[in-house]
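Next come the chains, spelled out residue by residue.
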Amino acid sequence: MPDSKDIKCIIVDDESIAREIIATHLTKIPNIEIVGNCSNAIDAFKLLREQQVDLVFLDINMPEISGISFAKSINKNVKVIFTTAYRDYAVEGFELKAVDYLLKPISFERLLKAINTYFEIHVDSNQSVKEDLEINDFMFVRADRRMLKIDFEAIIYIESYSDYIKIHLSNETIVTRETISAIEAKLPKQRFLRIHRSYIISLKHISSFTNEEITINNTALTISRSYKKQVLKILESY
């Protein structure tokens, strides 16, 4: 069992973007050290022989050797958090006593919860990372065939637009093909508020509000009926 030193992790996924996202999330969490990442299970086996590893972030659908087969073959002292785009393997994943099972796209908050589960089970509880600490102040989104870094501070509001979303920043608008719910999961709840199926706003940039709409940087956005009670309760608490 790991002691008070850093938890040594490797990331195993055949998609480079997926490895980058997980690595970016992990760099924001104290007591976590990434000692390697691999695009396939064969390279991961080699890395496990060369490095002390406590925890593996493991994709399930990989060429040649699947994540499930890899997890069955490694030392039981090495713990696994499965990462996948498919729900179908959840039962088998948990039968292997995985720490957690994360569905892609993986938000920082969801990964942080998985890390806390690992700490609670396998490490002294005083090392667990508090979810209410605002560790991250940015996120990555795909746009123009790149993963763009977006500072939360710069976001004015987010708008769903057909199959895309528009992220309105203080100096530009970013368009990305992602669902508004997936983006919502990446945002710190204490700084952003969903007011409509099509809108998420930055609390910091609110100019005024009524029971029907919120004005943000001279733009009036409708509060939908389904969100109204919760939205007004939050706004009136400030």
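For the structure, see preceding data.
Residues numbered from 1 in each chain as written. Predicted model: local features only at pLDDT ≥ 70, side-chain atom pairs only at ≥ 80, totals over all residues. Heavy atoms only, no water.

Q: What should I look at first to understand the packing of aromatic side chains in this one?
A: Two measures describe an aromatic ring pair: the distance that separates the ring centres and the angle between the ring planes. Tallied over the entire structure, the rule returns five aromatic pairs. On the numbers, 6.5 Å between centres and 70° between planes, the contact of Tyr157 with Tyr199 is edge-to-face. On the criterion of sequence distance, the pair formed by Tyr157 in strand β8 (residues 155–161) and Tyr199 in strand β12 (residues 199–202) is long-range, its members being 42 residues apart. Judged by its relative accessible area of 11%, Tyr157 falls in the buried class. Geometry around Phe138 places Lys28 over its ring, the cationic atom sitting 4.4 Å from the centre. Above the face of the Tyr161 ring, Lys166 is positioned so that its terminal group lies 4.3 Å from the ring centre. (Phe/Tyr/Trp six-rings, centres within 6.5 Å; stacked < 30°, edge-to-face > 60°. Helix = DSSP H or I, 4+ residues; strand = E, 2+ residues; numbered from the N terminus. Buried < 20%, exposed > 50% of the residue type's maximum accessible area, 1.4 Å probe, protein only. Lys NZ or Arg CZ within 6 Å of the ring centre and 35° of its normal.)

Q: I tried to follow the sheet that holds strand β9 (residues 164–169) on my own but got confused; where do I start?
A: Two strands in a sheet stick together by hydrogen bonds in their backbones, pointing the same way (parallel) or opposite ways (antiparallel). Read across the open sheet, the five strands follow the order β10-β9-β8-β12-β11; overall the sheet is antiparallel. Across the chains shown, the open sheet's two edge strands, defined by having one partner strand only, are β10 (173–176) and β11 (192–196). In this sheet, adjacent strand axes meet at a mean angle of 20° when their direction is disregarded. Bridging between β8 and β9 involves six bridges; their strand directions are antiparallel. (Pairing = 2+ DSSP bridges. Axes fitted to C-alpha atoms, helices over the stretch in contact; angles between N-to-C directions.)

Q: Looking at this model, I keep getting lost on the nonpolar core. Mind explaining?
A: It is characteristic of soluble globular proteins that their nonpolar side chains tend to be buried jointly. Of all hydrophobic cores here, the largest spans 22 residues; its most connected members are Ile10, Val12, Val56, Leu58, Phe70 and Phe82. At the level of secondary structure, the elements contributing two or more residues to this core comprise β1 (7–12), β2 (32–38), α2 (41–50), β3 (55–59), α3 (67–73) and β4 (79–84). In terms of residues, this core owes the most to one element, α2, which gives four residues. Sequence-distant contacts of Val56, defined by excluding residues within four places in its chain, comprise Ile10, Val12, Phe70, Val78, Lys79, Val80 and Ile81. In this structure, Ile7, Ile22, Leu26 and Leu112 belong to the second largest nonpolar core, which totals 20 residues. (Core = buried A, V, L, I, M, F, W, Y, C linked by side-chain atoms within 4.5 Å. Contact = heavy atoms within 4.5 Å.)

Q: Looking at this structure, how should I read the environment of Thr173?
A: Looking at the element boundaries, Thr173 is found in strand β10. Setting aside residues no more than four positions away along its own chain, Thr173 makes contact with Lys166, Ile167 and His168. Here the side chain of Thr173 touches His168 through a polar contact of 3.4 Å, side chain to side chain. (Polar contact = N/O pair within 3.5 Å; in protein donor to acceptor, adjacent residues only side chain to side chain.)

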